[in-house]
Amino acid sequence: MGISIVITSGKGGVGKTTTTANISTVLASLGKKVCMVDLDIGLRNLDSVLGLTNRVVYDIVDVAQGRVVLSQALVRDPKFDDNLYLLAASQFTDKYALDQTSLESIIGYLKQRFDFVMIDCPAGIEYGFQNAVTVADGALVVTNPEIASVSDADRVVGILENMNMPITPHLIINRVRKNMINNGTSMKIDDIVNHLGIPLLGIVIDEDEVIAASNSGHMVVLDDKSDAGHSYKNIAHRMLGENIPLDILSQSKKTGFLGRIFGRNN
């Protein structure tokens, strides 16, 4: 039985989709079977980031409403043999087209087939968010080092902690600019970690290569020269239980990645 991980933030535009795609790509390259599920109903873009748009025929709403079986809607990424799949969101319906019962059934089936079910969560904390986090075993909370983003992440963390997920929620600080950290014009990494109070899983450096890769349907993790790609690789390895030191920008000890995958709650 696999596990389901929701990538969430509260705030839009922090890099959830890019994070989902790159971490999933690394896990697949390491031999894990991974299915990415786009739950941003009506605003589908995970397929674009992955360069798989032309392969999408059916979506998760087609499955939920019984028009096709789940296997027909899964899109295989040919670059990773049989390890990486996508279940796309619908572009032509609203968020209420996907009910909780159908989603639970879909995620439950995927967990039987895949090691990781990586759920790309819509922004906000309304219906779509509630659907996504309810079917997740754990969460990656993505934030940027800015007050508005951290404030929204704090609200999400509070909701997740009240849910008592089987796997402890973990933090990813995305789009970190070294020069701003060094000259004191950005929030400090340790201040963010201490404020949110969940284990830090990784820090992703901001660089132009991330945008360029996404625009071309490629993953930045495939660029060996990319600092951001290196950060995503480290995050994926930590998810598998490897004790990889955090970026030197942070002195935080709140890493918490114990065991095979994160640290499970009692």
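Everything quoted here is computed from the prediction, not taken from an experiment.

Caption draft 1: Just the environment of Ala 21, in detail. With respect to the helices and strands, the residue Ala 21 is situated in helix α1 (residues 16-29). Each C-alpha atom of the pair Ala 21 and Asp 47 lies 9.2 Å from the other, and the pair is 26 residues apart in sequence.

Caption draft 2: Looking closely at the environment of Asp 47. Here Asp 47 shows up in helix α2 (residues 46-50). Taking the relative accessible area as the measure of exposure, Asp 47 reaches 2% and is therefore buried. Each C-alpha atom of the pair Asp 47 and Asp 82 lies 17 Å from the other, and the pair is 35 residues apart in sequence. Ignoring anything within four residues of it in the chain, the contact list for Asp 47 reads Leu 52, Thr 53, Val 56 and Leu 86. Side chain to side chain, Asp 47 and Arg 44 meet in a polar contact 3.3 Å long.

Caption draft 3: Structural detail: the pattern of salt bridges. Overall, the coordinates contain seven salt bridges when judged by the stated rule. Between Arg 44 and Asp 47 there is a salt bridge; the shortest N-O distance is 3.3 Å. There is no split in this pair, since Arg 44 and Asp 47 are both buried. One salt bridge in this structure joins Lys 79 and Asp 77, with 3.0 Å as the shortest N-O distance. We classify Lys 79 as partly exposed; its relative accessible area is 46%.

Each value, and the rule that gives it
- Residues numbered from 1 in each chain as written.
- Predicted model: local features only at pLDDT ≥ 70, side-chain atom pairs only at ≥ 80, totals over all residues.
- Heavy atoms only, no water.
- Helix = DSSP H or I, 4+ residues; strand = E, 2+ residues; numbered from the N terminus.
- Buried < 20%, exposed > 50% of the residue type's maximum accessible area, 1.4 Å probe, protein only.
- Contact = heavy atoms within 4.5 Å.
- Polar contact = N/O pair within 3.5 Å; in protein donor to acceptor, adjacent residues only side chain to side chain.
- Salt bridge = Lys/Arg side-chain N within 4 Å of Asp/Glu carboxyl O.

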